[in-house]
Amino acid sequence: MLANERKAAPSTHRQALSAILYLYKEVLSQELPWLQEIGRPTPTKRIPSVLTREEVGSMLALMDGVTGLLARLLYGTGMRHMEGLSLRVKDVDFDRHVIIVRDGKGGKDRVVMLPHSLESALRVQLASSRALWTADRNAQRPGVYLPHALESKYPRAGQSWAWHWVFASPTLAIDPRSGVERRHHLYEQRLQRAIKQAVGQAGIHKPVSVHTLRHSFATHLLQAGTDIRTVQELLGHSDVSTTMIYTHVLKVAAGGTASPLDALGALGAFAP
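Residues numbered from 1 in each chain as written. Predicted model: local features only at pLDDT ≥ 70, side-chain atom pairs only at ≥ 80, totals over all residues. Heavy atoms only, no water.

## Section: the overall build of the protein
In step 1: Helix and strand counts for the protein come out as 13 helices and five strands.
In step 2: For 272 residues, the compact-globule estimate of 2.2 N^0.38 gives 19 Å, and the protein exceeds it by more than 25% at 24 Å.
In step 3: In terms of its C-alpha atoms, the protein occupies a principal-axis envelope of roughly 80 × 60 × 35 Å.
In step 4: Across the 272 residues that make up the protein, the buried fraction comes to 38%.
In step 5: Within the protein, contacts between residues at least 6 apart in sequence are counted, and of these 56% link residues at least 24 apart.
In step 6: Accessible surface, the protein as shown: approximately 16300 Å² in total, 55% of it carbon and sulfur.
In step 7: Here the protein carries 33 positive and 23 negative side-chain charges, and the mean point of each set is 2 Å from the other. (Helix = DSSP H or I, 4+ residues; strand = E, 2+ residues; numbered from the N terminus. Rg over C-alpha atoms; globule rule 2.2 N^0.38 Å. Buried < 20%, exposed > 50% of the residue type's maximum accessible area, 1.4 Å probe, protein only. Contact = heavy atoms within 4.5 Å. Areas by Shrake-Rupley, 256 points an atom, 1.4 Å probe, with all protein chains shown as cover. Lys, Arg positive; Asp, Glu negative; His and termini not counted. Charge placed at Lys NZ, Arg CZ, Asp CG, Glu CD.)

Okay, here's the thing in structure tokens:
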């Protein structure tokens, strides 16, 4: 029904099938060998939406403040949305001009470049974040959230400047995991709204999301001649085949394969 009538996405189909299997095996303690043999749909690979350099420039020119800085950082490093929002002070290395992405997708760490053009703005952002950190310490508020079991292993680490957010929220919020009121990073929809507004003002008629900045980062690096293995490492892909999707965009866009209609024009058989 999901596949044939509702035309649901493969991920929805797979989730429903897994839920049914779990219900019968773990809750009802019934084995259904025939259900195990039902084929799972193959995920559909979509060509990512990519902006040109000019479109990225026109969009970023209409963004300022902390959202403008965050958008430039995501495009300049290829980081995912949450990787940028959850960036910690200790992971920004101005001396080596690198940013260490901790616990990315798949639980992996990686290193990306720190754009030289953003160094000054990042230092200003850190100064703003430190003012919030100082106010929290003076008010004896709880420290920031620490991943996994670090909070129990290092109880005071969350109060240290090194673990503070680079993009700290100006307001406090209740941590849903513990019920503690503490300072979190910026609300993720704040950047999404700012990008949507800038795209409309720039007159860009493409589907654009925060992730489009990451797609554009990878495509523009490949266009500039960067080795695909290097792009793979910067993006944090486990398999180069995932990175290869950006080459599909480039094959046609680069003009490597000409349309047969253009050949007719060259022969004088077709006049536009």
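Read on for the rest.
## Quick notes on the pattern of salt bridges
In step 1: Within this structure, the stated rule accounts for 13 salt bridges.
In step 2: Two residues, aspartate 136 and arginine 183, come together in a salt bridge whose shortest N-O distance is 2.7 Å. Of this pair, aspartate 136 sits in helix 6 (residues 119–138) while arginine 183 is found in strand 5 (residues 181–185), placing the two residues 47 residues apart along the sequence.
In step 3: Take aspartate 136: its relative accessible area is 3%, and that puts it in the buried class.
In step 4: On the basis of relative accessibility, which here comes to 5%, the residue arginine 183 falls in the buried class.
In step 5: Between glutamate 151 and arginine 182 there is a salt bridge, with the nearest N and O atoms lying 2.7 Å from each other. Of the two residues, glutamate 151 sits in helix 7 (residues 150–153) while arginine 182 sits in strand 5, which places them 31 residues apart along the sequence.
In step 6: Note on glutamate 151: relative accessible area 33%, which makes it partly exposed. (Salt bridge = Lys/Arg side-chain N within 4 Å of Asp/Glu carboxyl O.)

Bear in mind that shape data such as this cannot, by itself, settle questions of function.
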